[in-house]
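Structural overview for review
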Amino acid sequence: RALAEGTAVVYTQERADQDLAGLRTRVDAGTMSAQEYESSARAIAKDVGATVVPLDKGERYVVVRADGRSIYATRDIGAVQIRTDLFKATDLVYVVGQEQRVHFDRLFRAAGRIGLIKDGLPRTLHVYFGFYVDATSGKKLSSRDSVSNVMGLLAAAFDYFRASLSDRIEGGEDEIAAAARSLAVGSLVFNDLKKDLRSAVEIDSHDIQHTITEFERSGGAYVIYAAVRARSILRRVSDRGLAVGLAGSAGSAGYELDDQEALLALRLLTLPDEIVAAATESNPSVLVRHMLDIANIYNSYYSRAHVISDDVVDPVRYQLTQATANALTSALEICHIEVPAAI
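Summary of the structure given here. Each chain has its residues counted from 1, running along the sequence as written. This being a predicted model, a pLDDT of at least 70 is required before a residue's local features are given, and a value of 80 or more before pairs of side-chain atoms are given or counted; all residues contribute to the totals for chains, interfaces and linings. Working from all heavy atoms in the structure, the side-chain values ignore hydrogens and water.

**Focus on a nonpolar patch on the surface**
- Patch construction takes residues with relative accessible area above 30% that form no salt bridge. Like charges are linked within 9 Å, and nonpolar side chains (Val, Leu, Ile, Met, Phe, Trp, Tyr) are linked within 5 Å. Method for areas: the Shrake-Rupley scheme with a 1.4 Å probe, in which residue coverage is limited to the protein chains shown. Salt bridge, as used here: a side-chain nitrogen of Lys or Arg that lies within 4 Å of a carboxyl oxygen of Asp or Glu. A cluster of nonpolar residues, Ile82, Leu86 and Phe87, forms a patch on the protein surface that exposes about 360 Å² of accessible area.
- Only DSSP runs of H or I with at least four residues qualify as helices, and only runs of E with at least two residues qualify as strands; both kinds are numbered from the N terminus onward. Within the element layout of this structure, Phe87 appears in helix α4 (residues 72–87).
- Relative accessibility decides the category of a residue: with a 1.4 Å probe and only protein chains considered, values under 20% of the type maximum give buried, values over 50% give exposed, and everything between is partly exposed. Of the residues examined, Phe87 reaches a relative accessible area of 58% and is grouped as exposed.

**As for α4**
- What a helix is expected to span follows from its residue count: subtract one and scale by 1.5 Å. Across its 16 residues, α4 extends 21 Å between first and last C-alpha, which sits within 8% of the 22 Å expected from 1.5 Å per residue.
- Taken together, the buried positions of α4 are Ala73, Ile77, Ala79, Val80 and Thr84. All buried residues of α4 fall inside an arc of 145° around its axis, so they share one side. For α4, exposure combined with an orientation more than 90 degrees from the buried face picks out Tyr72, Ile82, Leu86 and Phe87.
- Taken together, the buried residues of α4 touch β3 (60–64), β4 (91–97) and α5 (101–113).
- Within two residues after α4, Lys88 carries a phi angle of roughly 55°, on the positive side. In this description, the arc belongs to the directions extending from the helix axis to the C-beta atoms. Whether two residues are in contact is decided by their heavy atoms: any pair within 4.5 Å suffices.

**Here we look at the pattern of salt bridges**
- Evaluated as defined, the whole model comprises 15 salt bridges.
- Residue Arg240 pairs with Asp311 through a salt bridge whose shortest N-O separation is 2.3 Å. One end of the pair, Arg240, is in the loop between α9 (220–239) and α10 (259–269); the other, Asp311, is in the loop between β8 (308–309) and β9 (312–313), and 71 residues separate them in sequence.
- A relative accessible area of 46% places Asp311 in the partly exposed class.
- Among the ionic pairs, Arg304 bridges to Asp258, the shortest N-O distance being 2.7 Å.

These figures come from the coordinates and say nothing about function on their own.
Below is the structure:
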């Protein structure tokens, strides 16, 4: 269809000669180096006979090779139409490594050129991510090494958290293992998201304990602990059958929030806005940092402001604790991190 409409063309030798002439003009004008010219000339020679979508600035997007074989671009540009037709997609989001940035830039421009994107729809976005790198050399780990190192890291982190929980949880091995697994996976995921997907993540295969410590410091376990503490207080109220009144209800004394309570309430109320911002910016670190802020305020708050005193439940503190538990648990679930029953 694109060939028939002229939005795609067969890249003939005549077109190649015209492009080469344009490159030589740039070399003569001093806007292109001889090395850049040689590289571009080789690409032009390779593309002769291929089907291409002409782009601006003299670029072209090859969609079928000169020998008639398909390539990634062939399938990617076909997938744009399939996803639009089949799912009526309004947004196409590609989560792929940073080395593919040029490819997706050209794909989106080519899709618009041949009419697969009209009036800005579907919207297209490449969310690129960094890689796991060796902490010593800084070099990108291969796919096999990445999987091996991450699996080793998860296993070591599981053992680390299980050992730290053995004296804290009164339940059996299954409960301890479930909590250790949540903390291990949560720390790994939280570290990735907090640092921004575009950043590299270092793994020191020679000192895995150091890597675990660094991942724990990113705050995943800290937020999980805060959510578990809040839920345990709510469970204690329920298990003991204590009555919970409503703050400001008829007959109750007035209650004025102190500065810390007001700050915590504000952070909880603005959580939906932070979720929207994270989605709009395709940047989960926005949400992660807000969760850390809530956990930090709540951990300081609950240690001084007891919800239960002499079997009497403070309604304001209870509602703030309930809101904190709901907010952190839900936000962690968005990040695919489970909150264990107890820690």
